[in-house]
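Notes for the structure review
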Amino acid sequence: MSKWFGLADCNNFYASCERIFDLSVREKPVVILSNNDGCVISRSQEAKDLGVPMGTPLHKIKPLIDKHKIHFFSSNYALYGDISARVMNCLNDLCPAVEVYSIDEAFLDLSIIKDEELLPFGINVKKKIAKWTKIPICIGIARTKSLAKLANRYAKKNFKEVGVFVIDSEEILLKTLKETPIEDVWGIGRKHGKFLKSEGINTAYEFTQLPENFIQKRFSIVGLRLYKELKGEPCLNLTEVIEKKKVIQHSRSFGRYVQSINDLEEAVTTFANKCAEKLRSQETCACTVSVYIRTNPFSNKPQYYDGITMNFDVPTSNTFEIQQKVLWGLKQIFVQGYDYKKAGVSVMGIVGKEEIQGNLFAPEPNENSQKISQLMDKINAKFGKETLKFAIQGTNSVWKGNASKISPKYTTLWEDLLRVE
DNA sequence: TCTGGGGTCCTAGGACCC
DNA sequence: TCTGGGGTCCTAGGACCC
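A brief report on the enclosed structure follows.

In this section: the overall build of chain A. Looking only at helices and strands, one finds 13 helices and 12 strands in chain A. Relative to the 2.2 N^0.38 estimate, which gives 22 Å for 421 residues, the radius of gyration of chain A is 24 Å and therefore close to what a compact globule would have. Referenced to the eigenvectors of the C-alpha coordinate spread, the extents of chain A come out at roughly 65 × 60 × 45 Å. Taken across its 421 residues, chain A has 45% of its residues classed as buried. For chain A, contacts bridging at least 24 residues in sequence account for 68% of all contacts bridging at least 6.

What follows is the structure in structure tokens.
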């Protein structure tokens with residue numbers, strides 16, 4: 001049986017989430033800002049139509065915002081994560097097999113659907129999702145994942161009302177490939193796009209007409225896979241199981257410049273804790289941890305960047321152990337006299353906790369501190385983030401960013417539950 | 001004044017081993 | 001003077017994604 005892949009993708013996801021509960025911004029231009037209210041990371045259709053570019057810093061589009069009364073929100077990941085889970089649950093109920101690909105996208109295996117049923121099936125899924133979650137989606141359907149992506153983009157662009165597009169004939173395939181600019185193809189980023197255009201390759205179709213050995217040589221096997229997929233040969237499968245993360249990071253730009261090591265210590269211990277929590281939540285331990293600090297690359301002030309990577313004797317997910325290493329590392333890389341703007345912690349060499357090999361020469365793991373870590377996880381899960389935290393994390397952190405325009409956590413915090421009066 | 005955060009995969013090159 | 005060859009493992013860097 002030949003395959004059919006679908007790609008369901010939420011339209012303007014973060015902006016759409018804000019509109020579910022806040023009726024005053026429905027049909028109004030809305031933009032969502034990154035951490036620190038830095039730059040635009042999501043736009044409603046109305047905002048796109050007004051010419052708000054993706055990724056621009058807020059201060060650069062302030063005149064546009066004022067002029068058109070564009071509503072803007074700080075990002076509210078608790079809300080988006082919860083709405084995403086609802087959408088994915090619905091897709092799971094409606095579709096034979098689902099691979100959650102990102103917070104707002106999922107691949108579907110539709111191979112068991114009859115060819116002539118694909119379009120009505122897609123339309124039904126779209127309608128149900130809209131009804132159950134109030135999130136508008138588009139669905140692209142084709143023979144490969146890369147083509148489903150292409151079909152999805154085509155649906156968004158040309159059939160937004162229907163919201164579903166199926167590439168089910170050679171003619172439609174060629175037409176879609178010819179109408180897709182090369183830089184819009186999934187897997188062709190800025191660098192490759194620029195190179196291809198300089199070679200006179202402007203569309204997905206022209207890409208598929210290049211010789212195979214040229215693709216392999218210039219774009220390695222990743223590019224070759226894409227090339228084959230665009231020609232209709234599936235090289236990527238649906239992966240339904242959620243794999244454990246191989247790297248876990250936590251980093252933040254600061255709300256203002258930070259000079260003292262104490263403030264940096266507060267920040268990096270908080271990040272170390274987050275990494276440890278994430279490790280425990282996927283039942284893994286890390287062999288390695290690194291920490292870095294940096295100044296603001298956009299400013300004219302003296303620049304500094306340094307990081308350090310450290311190994312554990314025995315892989316760990318213990319908050320205390322990870323914190324300790326990170327604090328030690330910070331002392332090694334910290335230099336007085338700079339305005340620091342960002343710091344981050346990442347853990348790597350991640351292994352399942354059952355695969356850990358003991359180290360004869362390492363001290364026995366501290367079981368008490370591990371139990372405390374787990375207890376903290378439980379309490380924080382029940383009563384909310386950072387109900388319980390470490391003294392060194394501070395209580396009035398100067399490094400924390402601004403989120404001046406954050407919407408309520410309508411779905412994940414009792415106090416923020418919508419009231420009907 | 002103000003510029004996000006968290007991932008993946010692949011390749012090249014060096015260290016090391018036999 | 002001439003200085004192997006093949007394999008593995010690790011890391012850094014670069015490309016991409018949302």
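Having seen the model, we can carry on.
Turning to the protein's contact with DNA strand B, a few remarks are in order. Around DNA strand B lies a shell of 24 residues, among which Ser34, Asn35, Gln249, Ser251 and Ser253 are the nearest. The sugar-phosphate share of atoms of DNA strand B within 4 Å of the protein amounts to 76%. In this structure, a phosphate oxygen belonging to DNA strand B sits 3.2 Å away from a side-chain N or O atom of His250. A distance of 3.2 Å is found between a phosphate oxygen of DNA strand B and a side-chain nitrogen or oxygen belonging to Lys341. When residues of the surface near DNA strand B are traced back to their parent elements, those giving at least two are helix H10 (212–230), strand S9 (248–258) and strand S12 (340–352). The element best represented in the surface near DNA strand B is S9, accounting for seven residues. Grouping the constituent residues of the surface near DNA strand B by class yields eight nonpolar, 10 polar and six charged.

The next thing to look at is the nonpolar core. Judged by nonpolar contacts, the single largest core of 37 residues is most densely connected at Leu91, Val125 and Ile135. Counting residues per element, the ones that place at least two in this core are strand S1 (5–10), helix H1 (13–21), strand S2 (30–33), helix H4 (77–94), strand S6 (105–109), helix H5 (118–133), strand S7 (137–142) and strand S8 (164–166). Among the elements that line this core, the one with the most residues is H4, at eight residues. For this core, the domains that each give at least three residues are domain 1 (13–79) and domain 2 (84–134 + 141–230). Excluding anything up to four places from it in sequence, Val125 contacts Leu91, Leu94, Cys95, Ile137 and Ile139. The next biggest cluster of nonpolar side chains, apart from the first, holds 31 residues, and it includes Val258, Leu264, Ala267 and Val345.

Another point: the sheet that holds S2. Overall, mixed pairing links the three strands, which are arranged S3-S2-S4 in an open sheet. Each having just a single partner strand, strand S3 (40–43) and strand S4 (71–74) make up the two edges of the open sheet. Direction aside, the axes of adjacent strands within the sheet are offset by 25 degrees on average. Direction of pairing for S2 relative to S4: parallel, over a ladder of four bridges.

Moving on: the pairing of S6. In summary, the side chains of a regular strand alternate between the two faces of the sheet. In terms of burial, S6 is largely enclosed, as five of its five residues are buried. Judged by which residues are buried, S6 turns out to be covered on both faces: Glu105, Phe107 and Asp109 on one side and Ala106 and Leu108 on the other are all buried. In this structure, S1 lies alongside S6, joined through five bridges in antiparallel fashion. Bridging across to S6, Asp9 finds its partner in Glu105. One ladder, built from five bridges, connects strand S5 (residues 97–102) with S6; its direction is antiparallel. The residue bridging Ser102 from the neighbouring strand is Glu105, located in S6. Counting the residues between successive antiparallel strands, the hairpin from S5 to S6 contains two residues.

Cut-offs applied
- Residues numbered from 1 in each chain as written.
- Chains lettered and ligands numbered in written order.
- Predicted model: local features only at pLDDT ≥ 70, side-chain atom pairs only at ≥ 80, totals over all residues.
- Heavy atoms only, no water.
- Helix = DSSP H or I, 4+ residues; strand = E, 2+ residues; numbered from the N terminus.
- Rg over C-alpha atoms; globule rule 2.2 N^0.38 Å.
- Buried < 20%, exposed > 50% of the residue type's maximum accessible area, 1.4 Å probe, protein only.
- Contact = heavy atoms within 4.5 Å.
- Near = heavy atom within 4 Å.
- Polar contact = N/O pair within 3.5 Å; in protein donor to acceptor, adjacent residues only side chain to side chain.
- Nonpolar A, V, L, I, M, F, W, Y, C, P; charged D, E, K, R; others polar.
- Core = buried A, V, L, I, M, F, W, Y, C linked by side-chain atoms within 4.5 Å.
- Domains from an automatic or database assignment.
- Pairing = 2+ DSSP bridges.
- Axes fitted to C-alpha atoms, helices over the stretch in contact; angles between N-to-C directions.

Just geometry here; none of it tells us what the structure is for.
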